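Residues per chain, in single letters:
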Amino acid sequence: MRYVVIGSSAAGIAALETLRSLGGPKVKISLVTRDPGEPYSRCLLPDLIAGYKTENSLRIRPSGVYQKLGVEAFSGLAAVELKPQEKRVVLEDGRELAYDYLLVATGASPVGLGVPNEEAQGVFTLRNLDDAQKILALTPGISRAIVAGGGLVGLKAAYALKKAGVPRVTVLVTSPRLLSRQLDNEAASLVEAELSQLGIEFIYNCQVTSFAADHYGNLESVVLKDGRELPADLAIVAKGVRPNTELVEKAGGRVERGIAVDRHLKTSLEDVYAAGDCIQVTDRLTGEKVNSALWTLAFEQGRYAAANMLGILRPYPLPLTRLNSVRFGTLGVISVGRLEGPEVLSRYDPLNLSYRRLVFEGNRLVGFILAGKVDGAGIYTALVKSGRPAWALRYKLLEGQVGGLALMGGRDSAYNSHLNEKQAVLEI
Ligand SMILES: Cc1cc2nc3c(=O)[nH]c(=O)nc-3n(C[C@H](O)[C@H](O)[C@H](O)COP(=O)(O)OP(=O)(O)OC[C@H]3O[C@@H](n4cnc5c(N)ncnc54)[C@H](O)[C@@H]3O)c2cc1C
């Protein structure tokens, strides 16, 4: 059997490792990836900009991983077409790869603002190593950077720029507060306070209408709808991502909010599977169809898809798609599941600068936010995931007294319960 994987990030690497570990030495595995080098963590790109990490320490696997896995790698090359009838993938250099089973793990790409001069030199998005390297190269000596977007990637980028020594960093936020999809007002205020203390500035309720550039095409300023023009040497647009669905869509596969997959992560195309940020999933708590957009989910899906491609049928359990964890300096913030529900309890401890919000539905904890002191977050997450009765524990949870509570249903329990010890695959 010949397996082809497109994409070498979280989903792709997990699939390659699973194909080898469960498929044994004989299965033929090929990889096609646009990424020219070794697989790396996108989540750590801000740390590269901040100077906390080097390129080498972004790697998610030791050097030479493809060789070690016995994978024929076509790196630095895009797949440009799928031919599902012929079971072939066309590469940009014209070569074609035959497959018995194909995994599309093409991830997602940043969404632009769609405003004039967005291509000016000095305006970036932050998704690939190449983006981070370019930002890093421009950072020394600049006086002002602007980040358009008050979501997780935008704030991580702003924090990194400040840590890299950029004197003035301004974040432009469309909504009235930061992280409006992940946090409530109280937690967002704590994040704002922490970042403001570092000297990061915020402008809320604003919209970028264009970038202004000099006649060499270099960024000069960012223009807002209210007419303000903010001088800038560098700008990062962080307005979210859209799934890379084109290959499947052009081949006639079903695409909705992402590539549509069944419970075995199979697309509507014969013997073609998909995993990671390119797919649509159904959220376990809300039942909503959403884009999968988390590293851990992509990794888990890569493993499930690979097992299914090998015929070891493993239905992928509905995932918890709202699960964000970030740290800015001393402030940790974790937000999981629903932000609203029939019963909401919250507690702010000003002495410890610590905030907890718990959302219950009936007996179940269906969401929480921890900001400041985030100890025991695994317990809260396990309660949300397992759906176990938790109302009786509400005061302990609210006070953060979770030390004595047993951890229920870890991250990989659903996957591991299907696989015996021998089949367990490498962890990130
Ligand atoms: C700055 C930043 C911070 C983040 N922080 C977090 C975090 O804290 N926690 C978290 O859970 N998630 C975080 N994420 C999101 C996380 O990185 C993604 O969820 C994860 O990378 C998705 O993995 P993936 O394998 O689905 O796709 P991607 O990582 O998007 O990779 C796609 C792969 O497909 C390849 N590819 C695409 N199209 C083609 C083609 N046509 N031909 C060949 N190859 C192709 C690419 O080269 C790449 O190898 C962050 C992302 C960014 C950018």
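Owing to the predicted nature of the structure, the values given are computational and were not obtained by experimental measurement. Counting restarts for each chain: residues are numbered from 1 in the order of the written sequence. Reporting of local features is limited, given that this is a predicted model, to residues whose pLDDT is at least 70; pairs of side-chain atoms are given and counted only at 80 or more, and all residues count toward the totals for whole chains, interfaces and linings. Only hydrogens and water are set aside when side-chain values are computed; all heavy atoms of the structure are taken into account.

(A) Seen up close, the sheet that holds strand β2 (residues 28-33). Read across the open sheet, the five strands follow the order β3-β2-β1-β7-β18; overall the sheet is parallel. Edge positions in the open sheet fall to β3 (71-75) and β18 (272-274), since each of these has one partner strand only. Sheet twist, expressed as the mean angle between neighbouring strand axes with direction ignored, is 20°. In this sheet, strand β7 (residues 101-104) lies alongside strand β1 (residues 2-6) in parallel orientation, the contact comprising four bridges. Bridging from a neighbouring strand, V5 pairs with L103 of β7. Of the strands in this sheet, β1, β2, β3 and β7 are in contact with helix α1 (residues 10-23), which crosses β1 at around 165°. For this analysis, residues touch if any pair of their heavy atoms sits within 4.5 Å. Lines are fitted to the C-alpha atoms to define the axes, a helix being fitted only along its stretch in contact, and any angle between axes, read from their N-to-C directions, falls within 0 to 180 degrees. Each helix is a run of DSSP H or I of at least 4 residues and each strand a run of E of at least 2, with the numbering of both proceeding from the N terminus. Relative to the sheet, helix α8 (residues 295-309) contacts β1, β7 and β18, its axis offset from that of β7 by approximately 170°. Following DSSP output, two strands are said to pair if at least two bridges run between them.

(B) The side chain of R61, seen in detail. Considering the arrangement of structural elements, one finds R61 in the loop between α2 (45-50) and α3 (65-69). For the purposes of these results, a polar contact is taken to be a pair of N or O atoms within 3.5 Å, where, inside protein, one atom must be able to donate a hydrogen and its partner to accept one; residues adjacent in sequence count only when each atom of the pair is a side-chain atom. Side-chain polar atoms of R61 contact the side chain of E17, separated by 2.4 Å.

(C) Representation of the nonpolar core within the structure. L16, L82, V89, L102, L103 and V104 are the most contacted members of the largest nonpolar core, which has 57 residues in total. The biggest single contributor to this core is α8, with eight residues. Discounting residues that sit within four places of it in the chain, V104 has contacts with I6, L82, V248, I259, V272, Y273, A274, A275 and C278. Take the buried residues of types Ala, Val, Leu, Ile, Met, Phe, Trp, Tyr and Cys, join any two whose side-chain atoms come within 4.5 Å, and each joined set is a nonpolar core. Throughout, exposure labels follow a simple rule: accessible area from a 1.4 Å probe, protein chains only, divided by the maximum for the residue type, with under 20% read as buried, over 50% as exposed, and the rest as partly exposed.

(D) How the structure looks around the UniProt feature "domain: FAD/NAD(P)-binding" (unreviewed entry) in the protein chain. UniProt positions are given in the numbering used here, feature names are shortened, and annotations may be inferred rather than shown by experiment. The UniProt record marks residues 2-302 with the feature "domain: FAD/NAD(P)-binding" (unreviewed entry), using the residue numbering of this structure. Secondary structure content for residues 2-302 is 24% helix and 27% strand, and the end C-alpha separation is 17 Å.

(E) How the structure looks around helix α5 (residues 152-163). When the terminal C-alpha atoms of α5 are compared, their 16 Å separation across 12 residues agrees well with the 16 Å that a helix rising 1.5 Å per residue should span. The element α5 is extensively covered by neighbouring structure, given that nine of its 12 residues are classed as buried. Every buried residue belonging to α5 is among L152, G154, L155, A157, A158, Y159, A160, L161 and K162, and all of these are buried. At the exit of α5 stands G165, carrying a positive phi of roughly 100°. Expected helix span is taken as 1.5 Å per residue step, with the number of steps being one fewer than the number of residues.

(F) Geometry of the environment of S8. Along the chain, S8 falls in the loop between β1 and α1. The class of S8 is buried, set by a relative accessible area of 3%. Along the chain, S8 and A73 lie 65 residues apart, while their C-alpha atoms are 9.6 Å from each other. With residues up to four places along the chain from it excluded, the contact list for S8 reads I13, L31, T33, D35, P39 and Y66. A polar side-chain atom of S8 sits 2.8 Å from a polar atom in the side chain of T33. Only 3.5 Å separates the side chain of S8 from the side chain of D35, close enough to count as a polar contact.

(G) Region of interest: the packing of aromatic side chains. Each aromatic pair joins two rings of Phe, Tyr and Trp (for Trp, the six-membered one) with centres within 6.5 Å, and gets the label stacked for planes under 30 degrees apart, edge-to-face for over 60, and tilted for any other angle. Using the criterion set out here, one finds seven aromatic pairs in the structure. Consider the rings of F202 and Y204, whose centres lie 6.1 Å apart with planes at 20°: the pair is stacked. For the ring pair Y304 and Y316, a centre distance of 5.4 Å and an interplane angle of 70° mean the geometry is edge-to-face. Highlighted residues: Y304 in helix α8 and Y316 in the loop between α8 and β21 (323-328), separated in sequence by 12 residues. Exposure class is identical for Y304 and Y316. Each is buried.

(H) Looking closely at the site of the ligand. Every one of the 31 residues lining the ligand counts as a neighbour, but S9, D35, R42, R127 and K156 are closest to it. Within the contact set of the ligand, an oxygen atom lies 3.2 Å away from a backbone nitrogen or oxygen of A10. With respect to the ligand, the backbone of R34 contributes an N or O atom lying 3.1 Å from a nitrogen atom. Residue exposure ignores everything except the shown protein chains as possible cover, and the areas themselves are Shrake-Rupley values with a 1.4 Å probe. When the free accessible area of the ligand is taken as 1,000 Å², the share hidden by the protein chains comes to 91%. When residues of the shell around the ligand are traced back to their parent elements, those giving at least two are α1, β2, α5 and α8. Here the residues of the shell around the ligand sort into 18 nonpolar, seven polar and six charged. Each domain span listed reflects an automatic or database assignment of domains. Counting only domains with at least three residues in the shell around the ligand, you end up with domain 1 (2-109 + 242-319) and domain 2 (123-239). When we say a residue is near a molecule or strand, we mean one of its heavy atoms is within 4 Å of it. Three categories are distinguished: nonpolar for Ala, Val, Leu, Ile, Met, Phe, Trp, Tyr, Cys and Pro, charged for Asp, Glu, Lys and Arg, and polar for the others, with Gly belonging to the last.

(I) Fine view of the side chain of Q280. With respect to the helices and strands, Q280 occurs in strand β19 (residues 280-282). Among the residues examined, Q280 registers a relative accessible area of 7% and is labelled buried. Reaching out from Q280, the side chain makes a polar contact with the side chain of E256 at a distance of 2.7 Å. In contact with Q280, other than residues within four places in its own chain, are E256, R257, G258, I259, V261, K289 and V290.

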